[in-house]
Amino acid sequence: MARPYEPHSFEEKWQSVWDAEGLYSVTEDPGKPKKYVLEMFPYPSGDIHMGHVRNYSIGDVIARFSVMRGYSVLHPIGWDAFGLPAENAAIKSCTHPAKWTYANIETQAASFRRMGFSYDPERMVRSCDVEYYRWGQWIFLKFWERGFVERKKSPVNWCPSCKTVLANEQVIGDGVCWRCKTPVEKRELEQWFFKITEYAQELLDDLDTLAGWPERVKTMQANWIGRSEGAEVDFEVCDAGGEPSGETITVFTTRPDTLFGCSFFLLAPEHPLVSALVSGTAHESDVQAVVKAAARETAVERASGEAEKLGAFTGRFVVNPVNRQKVPIWVSNYVLMEYGTGAVMAVPSGDQRDFEFARKYGLPIPPVIVAEDDSLHEKLSGTRERVMDDVPWAQAYDGYGTMVQSGQFTGMRGGKASEGMKAVTEWLESRGQGRFSINFRLRDWLISRQRYWGNPIPAIHCPVCGLVPVPEDRLPVVLPMDVDITRGETLADHPEFYETTCPRCGGPARRETDTMDTFTCSSWYYFRYCDARNDAQAFSRARADYWMPVDQYIGGIEHAILHLLYSRFFTKVFADMGLAAAREPFTNLLTQGMVKKDGETMSKSKGNVVAPEDMVAKYGADALRAFILFMAPPDKDLDWNQDGLEGMSRFLGRLWRYVSDVAEASDPGPLDSAAICDTAGKALLRERHRVTGKVTDDIEAFGFNTAISAMMELLNAAGDYRRDAPAGSRSAALERDVAETLVLLVAPFAPHMAEELWREVLGHPGSVHREPWPASDPALAAADEVEIAVQVNGKVRAKLTIAADASEDAIREAALGLPKVLEHLEGLTVRKVVVVPGKLVSVVATA
RNA sequence: GCCCGGGUGGCGGAAUUGGCAGACGCGUCGGUCUCAAAAACCGAUGGCCGAAAGGUCGUGCGGGUUCGAUUCCCGCCCCGGGCACCA
């Protein structure tokens, strides 16, 4: 009597065997094509959740499938182990972040192992290990050497809850911290930056090369980089007496074609010139009021665009270079110091914000671009001088149209990237008062953090020499373990750490006490995996060039900008440093959807967490893995439902029983397909080849749910054959072939059961996971007879069974001869017959 | 406001160079087995009308193209996500 399907009797056994056999250890193999399959490495939060199960199950199927398809597969795992939660947990439970982190890694790794994921154990990295982070420091120094590191004072985002600054990318939604969702504050601080803006253009351009990325991720990155084409225009400032002073303020504009419509000029409240312009004048108090009001606005208000537009006149003027007209300088809160130059030429007829501001403060709104169908078009067409100072419009017009009241440019076509835009810019350029310019929204990456549990920035502040890098041969700067985090201490509270001497002059100096953003650790870990135990280099070029780029990257959409943009930047700098050839890190990207419960994200606070461990305890890892992939396509959100898991367990049990039953007969030897002549046998043989082909195609297209459906169909067909075909006529060789095929197909999804069946039940000596993927013969997959639907006037009236290779004429004739069809054609004349071979016949008839 | 993604049975979902809507699974109902239950197996299962044969409606809504539309086009509605005073 065959054993029942009891996953707990063998799942952990095989995990040990696989480890002992070194099944997942991989080295560079020039004889095979390589494939680098990578899931985003996890933060060791302690317990695994369904999102992990889903993410890593997807990767594991792709990795195992790729091995069976003959690739040399790199499939590593590691831990993104620095970060704030460890500090918070340490404070809460009076322990050390390191202790908490390493303990979590241990439990989480055990859970991953219990899921049966196929990771190369020799490549595991932990970003909080000095063997790893020392190379992060080395990279920092190399970036510094090449001019990509900068320490500067600027308005930065401060999270009051995390008590540290954040990069722009880490402020999400309505101006809240990406990690704790607290509204961030602006502070003027001196901080460390990576000059990611130097790569803005390439980061944007190369999105076009990423054919294997979801369109929306590329769109989000493109929007984030925010390239604008336009011009810089120099405006001469008038002195207090209203006479041109020779000094200029430059603005960036995407619409130089509207320059003749500039009726006022704006400065951001934080603009350094503001106080100089108004100090001691009658306008000072009004302007200061606006500046103070702007400073009080929270990031949330300002970012949402809901803050009311406030402004005050400075009493001063600039000269519009195209018409020498004097326009008043105002200060307003809707001008951002961070974008462009912090100064704006306001064209209220062409920009909605300027329009609203002009209406509020009674400033002129001279039209300069009018649409052909606008009532003003006829009135102003060809008018060079300004004759009209207001518009009968309810809002600004920013579309294309004819330039009016625009001097020698009048009559040209205006609008974005228009003829007029080019002509005005060229004219300015010829006079040295402007130039074509490109502006990016992307800011430099702020990488310093005022936190303890991170990678120390290898820099020294010397009162004599200034900022001095820690010399390469003195790396690593080791993170001291005796900082008392339970009292909220950071490195800045630890003189033993920061008191040092200057490497350049030898005098007393202070070591930098900020640590690096954890996103710096995750920006290059996939390079380290290629050569994880190298203690002389971050990684060797040869190994990196063998494995990189990652062929398939899998992770959450929440990193659409953050981690994925930073990693692309690192990879480009590495390439320019000659460290590796790849200019893009991830060739194909799969962003998996969230796992929810009753439409909500699972969280402890909502009390709706379904623990994967409980599911494994009840149904085994195989059922859980297969089920979470069966529930929905990987990129879609899914709602957890335990009943379905039970169903998956049933399917695996049926498969187990089928293979066990078939294996009871002695091995009949290889199948001769040509020997299968009976209808039932041929049908099963066809199904075996059809399904094999479909599972192969589906896995390649990430259609894991339909791949599993197809296996179910094959098992159903095999069961029907076993049940319905007369005992004497059944082919043992066919059944054996179908059983083995099913085991091979299911191996990436349910690796333990497949292994138990393969080795113990079917009696093969080696691992199923080293077997070649089963082949599908399209000739055998094709049916020799097909059923065709016959429609009369658009409605299916009959079915026709006919040879698959029947000619169109034969199909037409057979269809028109069917009794049902004749019945529906009675009294009608056939006007047209459409034949789609293999699909249907459509008869059109009228009275 | 702008940009993506989505809307298909009781549920998850399947089907797209336009060709039989609802594969596969869950659930439900009925049956076999059992003293009984569980497990397992078999069968039915979009709505409406009908005893049945069959008919008819049906892929968010309204139009259009076509022999034929879940699929293509036009105009909307709803849900989810991203961006948002970016000059």
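Reading guide: rules and limits
- Residues numbered from 1 in each chain as written.
- Chains lettered and ligands numbered in written order.
- Predicted model: local features only at pLDDT ≥ 70, side-chain atom pairs only at ≥ 80, totals over all residues.
- Heavy atoms only, no water.
- Helix = DSSP H or I, 4+ residues; strand = E, 2+ residues; numbered from the N terminus.
- Buried < 20%, exposed > 50% of the residue type's maximum accessible area, 1.4 Å probe, protein only.
- Contact = heavy atoms within 4.5 Å.
- Areas by Shrake-Rupley, 256 points an atom, 1.4 Å probe, with all protein chains shown as cover.
- Lys, Arg positive; Asp, Glu negative; His and termini not counted.
- Charge placed at Lys NZ, Arg CZ, Asp CG, Glu CD.
- Phe/Tyr/Trp six-rings, centres within 6.5 Å; stacked < 30°, edge-to-face > 60°.
- pLDDT = per-residue confidence, 0-100.
- 1 Å grid on protein atoms, 1.4 Å probe; cavity = no way out; pocket = protein on both sides within 12 Å on 5 of 7 lines; lining within 4 Å.
- Points joined across faces, edges and corners; volume = space filled by probe spheres on them.
- Axes fitted to C-alpha atoms, helices over the stretch in contact; angles between N-to-C directions.
- Parallel < 35°, antiparallel > 145°, perpendicular 65-115°, else oblique.
- Left-handed = near helix turned anticlockwise from the far one by under 90°.
- Pairing = 2+ DSSP bridges.
- Salt bridge = Lys/Arg side-chain N within 4 Å of Asp/Glu carboxyl O.
- Nonpolar A, V, L, I, M, F, W, Y, C, P; charged D, E, K, R; others polar.

Asks: How should I be thinking about the overall build of chain A in this particular structure?
Replies: The helix and strand inventory of chain A stands at 28 helices and 36 strands. Seen through its principal axes, chain A has C-alpha atoms that stretch 110 × 90 × 50 Å. For chain A, the residues scored as buried account for 54% of the 847 residues in total. Considering only contacts in chain A between residues 6 or more positions apart, those separated by 24 or more positions represent 72%. Accessible surface computed for chain A: about 35,700 Å², of which carbon and sulfur atoms make up 51%. Side chains of chain A give 93 positive and 118 negative charges; the mean places of these two sets differ by 1 Å.

Asks: Looking at this model, I keep getting lost on the packing of aromatic side chains. Mind explaining?
Replies: Centre-to-centre distance and the angle between the planes together describe a pair of aromatic rings. In the structure shown here, the tally under the stated rule is 60 aromatic pairs. Taking 5.9 Å as the distance between ring centres and 45 degrees as the angle between the ring planes, the aromatic pair formed by Tyr5 and Trp656 counts as tilted. One end of the pair, Tyr5, is in the segment before helix H1 (11-21); the other, Trp656, is in helix H21 (residues 642-664), with 651 residues separating them in the sequence. Look at Phe82 and Tyr133: their rings are 5.5 Å apart centre to centre, the planes differ by 50 degrees, and that puts the pair in the tilted class. Separated by 51 residues along the polypeptide, Phe82 in the loop between strand S3 (78-79) and helix H3 (84-93) and Tyr133 in helix H5 (residues 130-145) bring together distant segments of the chain. Taken as a pair, Phe82 and Tyr133 share a single burial class, namely buried.

Asks: Is there a simple way to explain the confidence of the model for chain A in this structure?
Replies: For residues with low pLDDT, the predicted coordinates do not support detailed interpretation. Of all residues in chain A, 99% have pLDDT values of 70 or greater, and the mean over the chain is 92. The ipTM, which scores confidence in the relative placement of chains, is 0.95 for this predicted complex, and the corresponding pTM is 0.94.

Asks: Explanation requested: the layout of surface pockets in the structure shown.
Replies: The gaps left among the atoms become clear once a water-sized probe is rolled over them. The space that makes up the second largest pocket amounts to roughly 430 Å³. For the second largest pocket, the lining is made up of 21 residues, of which Ile77, Ala109, Arg113, Tyr119 and Pro121 are closest to its centre. Looking at the lining of the second largest pocket, the elements with two or more residues in it are H1 and helix H4 (97-115). Ranked by residues supplied to the lining of the second largest pocket, first place goes to H4 with 5 residues.

Asks: Just checking my understanding: could you explain the packing of H3 against H4 for this structure?
Replies: Packed helix pairs are characterised by how far apart their axes lie and by the angle those axes make with each other. At a closest axis distance of 8 Å, the pairing of H3 and H4 adopts a crossing angle of 110 degrees. When the axes of H3 and H4 are compared, the pair comes out roughly perpendicular. Regarding H3 and H4, the two cross each other, and that crossing is right-handed. Between H3 and H4, the residues in contact are Pro85, Ala86, Glu87, Ala89 and Ala90 and Pro97, Trp100 and Thr101, respectively.

Asks: Help me understand the pairing of strand S14 (residues 326-332) in this model?
Replies: Consecutive residues of a regular strand have side chains that alternate between opposite faces of the sheet. Along S14, 6 of the 7 residues are buried, which leaves the element largely enclosed by surrounding structure. The sheet contact formed by strand S12 (residues 264-267) and S14 spans 3 bridges and is parallel. Residue Phe265 lies in a different strand from S14, and its bridge partner there is Ile329. Bridge count for strand S13 (residues 311-319) against S14 is 6 bridges, and the pairing is antiparallel. Looking across to S14, one finds that Ala312 is bridged to Val331. Between S13 and S14, which pair antiparallel one after the other, the connecting turn spans 6 residues, and Arg324 there sits at a positive phi close to 60 degrees.

Asks: Teacher, can you tell me more about the pairing of strand S36 (residues 840-846) here?
Replies: As judged from the 4 bridges shared by strand S33 (residues 785-792) and S36, these two strands associate in the parallel manner. Residue pairing in the sheet places Val790 in a bridge with Val841 of S36. Pairing of strand S35 (residues 829-836) with S36 involves 7 bridges; the strand directions are antiparallel. The partner of Lys832 across the bridge, within S36, is Val844. Counted along the chain from S35 to the antiparallel partner S36, the turn is 3 residues long, and its residue Gly838 has a positive phi close to 80 degrees.

Asks: Explanation requested: the pattern of salt bridges in the structure shown.
Replies: Where side chains of opposite charge bring their charged atoms close, a pairing between them can arise. Scanning the entire structure with this criterion turns up 59 salt bridges. Measuring nitrogen to oxygen at the nearest pair gives 3.0 Å for the salt bridge that ties Glu472 to Lys142. Here Lys142 lies in helix H5 and Glu472 lies in the loop between strand S24 (466-469) and helix H14 (495-498), a separation of 330 residues in the sequence. You can call Glu472 partly exposed: its relative accessible area is 40%. Across the salt bridge formed by Glu150 and Lys152, the nearest N and O atoms sit 3.6 Å from each other. In the salt-bridge network here, residues are joined through shared partners; they are Glu202, Asp206, Arg568, Lys572, Asp576, Arg583 and Glu584.

Asks: Just to check I follow, could you spell out the sheet that holds strand S9 (residues 185-194) for this structure?
Replies: Within a sheet, neighbouring strands are paired by backbone hydrogen bonds and run either parallel or antiparallel to one another. The antiparallel open sheet is built from 4 strands, whose spatial order is S6-S5-S9-S20. Looking at strand neighbours, the two that pair on one side only are strand S6 (164-166) and strand S20 (445-446), the edges of this open sheet. Pairing of strand S5 (residues 149-159) with S6, which is carried by 3 bridges, proceeds in the antiparallel orientation. Note on S6: the bridge partner recorded for Cys159 is Thr164.

Asks: Before we go on, may I ask you to explain empty space enclosed by the protein in this structure?
Replies: What the rule picks out here adds up to 2 cavities of 30 Å³ or more. For the lining of the largest cavity, the secondary-structure elements that each account for two or more residues are H3, S6, strand S27 (515-516) and helix H15 (518-521). The class makeup of the residues in the lining of the largest cavity is 8 nonpolar, 6 polar and 5 charged. As a volume, the second largest cavity reaches approximately 50 Å³. In this structure, the second largest cavity is lined by Gly136, Ile139, Phe140, Phe194, Asn455, Met516, Thr520, Cys521, Trp524 and Phe570. Elements supplying a minimum of two residues to the lining of the second largest cavity: H5 and H15. Here the lining of the second largest cavity is built from residues that sort into 7 nonpolar, 3 polar and no charged.

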